[in-house]
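Here's the letter readout for the chains.
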Amino acid sequence: SAPQEGEADPASETSESNWKEELLEALLAVEPAAFERLCQRLLREANFIKTQVTGRSGDGGIDGLGTYRLSLVSFQVYFQAKRWRNSVGSKEVRDFRGAMSGRGEKGLLITTATFTADAKAEASRDGAPPVDLVDGSALCDLLLEYEIGVKAHRRQVIDVEIDRAAIAAL
């Protein structure tokens, strides 16, 4: 039966998970440097200025940085790109924060995977610089929003119902 108003259409849910799974598989197939460049482009599209990929070994887990301007102020944001299948844990969040130490106070960890509950708790732990987390699903949504490697084709569906009583009353 058709979904009632306010209910999700099971077919569209399936379609959504399918395109995200396909996109994540494509991202997992690219070279790590290409995934870092994709993250850099995402930041640029999201109005970061002066984005760059550090692209060197020994960077301590910092894959790149960008400057985000918000009205009159701007601040540097360091990012780490994890092209992973398995969940990212609290250790990776702590290691990334350690790599940022002395360089900056704002971090963004982007992954094709998910984050464990401990990683989420660590990212917002009191007394530590916050690390914002972008998991695979959110990454797919952002890539769709900015049309990076993804293009949406909008369709309109019209449901037509025949009102036999109104026709009979003519």
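Higher on the page you've got the structure.
Quick notes on the rules
- Numbering of residues begins from 1 in every chain and follows the order in which that chain's sequence is written.
- With pLDDT at 70 or above as the cut-off, local features in this predicted model cover only qualifying residues; side-chain atom pairs require 80 or more to be listed or tallied, and sums for whole chains, interfaces and linings still use all residues.
- Values shown for side chains rest on all heavy atoms present in the structure; no hydrogens or waters enter the calculation.
- Counted as salt bridges are all cases of a side-chain nitrogen of Lys or Arg within 4 Å of a carboxyl oxygen of Asp or Glu.
- Per-residue accessibility, obtained with a 1.4 Å probe over protein chains only, is compared with the maximum for each type, and a residue is labelled buried under 20%, exposed over 50%, and partly exposed between these values.
- In these notes, a set of buried Ala, Val, Leu, Ile, Met, Phe, Trp, Tyr and Cys residues joined through side-chain atoms within 4.5 Å is what counts as a nonpolar core.
- Numbering of helices and strands starts at the N terminus; helices are DSSP runs of H or I of at least 4 residues and strands are runs of E of at least 2.
- Here, strands pair whenever DSSP counts at least two bridges between them.
- To count toward a patch, a residue needs a relative accessible area over 30% and no salt bridge; like charges are then connected within 9 Å, while nonpolar side chains (Val, Leu, Ile, Met, Phe, Trp, Tyr) are connected within 5 Å.
- What sets the accessible areas is the Shrake-Rupley method with a 1.4 Å probe; for residues, cover comes only from the shown protein chains.
- Working definition: rings of Phe, Tyr and Trp (its six-membered ring) pair if their centres are within 6.5 Å, and the pair is stacked with planes under 30 degrees apart, edge-to-face with planes over 60 apart, and tilted otherwise.

Undergrad: How should the pattern of salt bridges be read in this particular structure?
TA: Two side chains with opposite charge may pair up if their charged atoms get near one another. Under the definition given, this model contains nine salt bridges. Between Lys-151 and Glu-147 there is a salt bridge whose closest N-O contact spans 3.5 Å. In this structure Lys-151 comes out as exposed when scored by relative accessible area, which is 57%. Residue Glu-147 is classed as partly exposed on the basis of its relative accessible area of 41%. In this structure, a network of salt bridges that share partners links the residues Arg-94, Arg-97, Glu-122 and Arg-125.

Undergrad: For this particular structure, what's the right way to read the nonpolar core?
TA: If you look at soluble globular proteins, the nonpolar side chains tend to sit buried side by side. One finds Leu-27, Phe-35, Leu-108, Leu-139 and Leu-143 to be the most contacted residues of the largest nonpolar core, which totals 20 residues. Listing elements by their share of this core, those giving two or more residues are helix H1 (10-29), helix H2 (32-45), strand E3 (73-82), strand E4 (107-111) and helix H5 (136-145). Considering each element in turn, this core owes the most residues, five residues, to H2. Ranked by size, the runner-up nonpolar core spans 13 residues in total, among them Tyr-78, Leu-109, Phe-115 and Val-131.

Undergrad: What am I meant to see in unusual backbone geometry here?
TA: Note: most peptide bonds trans; most residues except glycine with negative phi. Phi is positive for Asn-47, close to 75°, though the residue is something other than glycine. With respect to the secondary-structure elements, Asn-47 resides in the loop between H2 and strand E1 (48-53).

Undergrad: What is the right way to look at the pairing of E3 in this model?
TA: As a general feature of sheets, a regular strand has side chains that alternate between the two faces. Alignment of strand E2 (residues 64-70) against E3, held across seven bridges, turns out to be antiparallel. The residue bridging Arg-69 from the neighbouring strand is Ser-74, located in E3. The antiparallel pairing of E2 with E3 creates a hairpin that spans two residues between the two strands, and Ser-71 there sits at a positive phi of about 55°. In the sheet, E3 pairs with E4 via five bridges, with the strands oriented parallel. The partner of Phe-79 across the bridge, within E4, is Leu-108.

Undergrad: How do you make sense of a nonpolar patch on the surface when you look at a structure like this?
TA: There is a patch of nonpolar side chains on the surface, built from Ile-158, Val-160, Ile-162, Ile-167 and Leu-170 and spanning about 640 Å² of accessible area. Its place among the elements puts Ile-167 in helix H6 (residues 164-168).

Undergrad: What is the right way to read the environment of Ala-121 from this model?
TA: Secondary-structure assignment places Ala-121 in helix H4 (residues 117-123). Considered as a pair, Ala-121 and Val-93 are 28 residues apart in the sequence and their alpha carbons are 9.7 Å apart.

Undergrad: How do you make sense of the packing of aromatic side chains when you look at a structure like this?
TA: Each aromatic ring pair is characterised by the separation of its centres together with the angle its planes make. Within the structure shown, the criterion is met by two aromatic pairs. Aromatic side chains Phe-48 and Tyr-68 sit 4.9 Å apart centroid to centroid with 50° between the ring planes, which places their arrangement in the tilted category. Taken together, the residues span a long stretch of sequence, with Phe-48 in strand E1 and Tyr-68 in strand E2 at a distance of 20 residues. We classify Phe-48 as buried; its relative accessible area is 13%. Ring-pair connections join several aromatic residues into one group, and the members of that group are Phe-48, Tyr-68 and Phe-75.

By themselves, these are just geometric observations and shouldn't be taken as functional.
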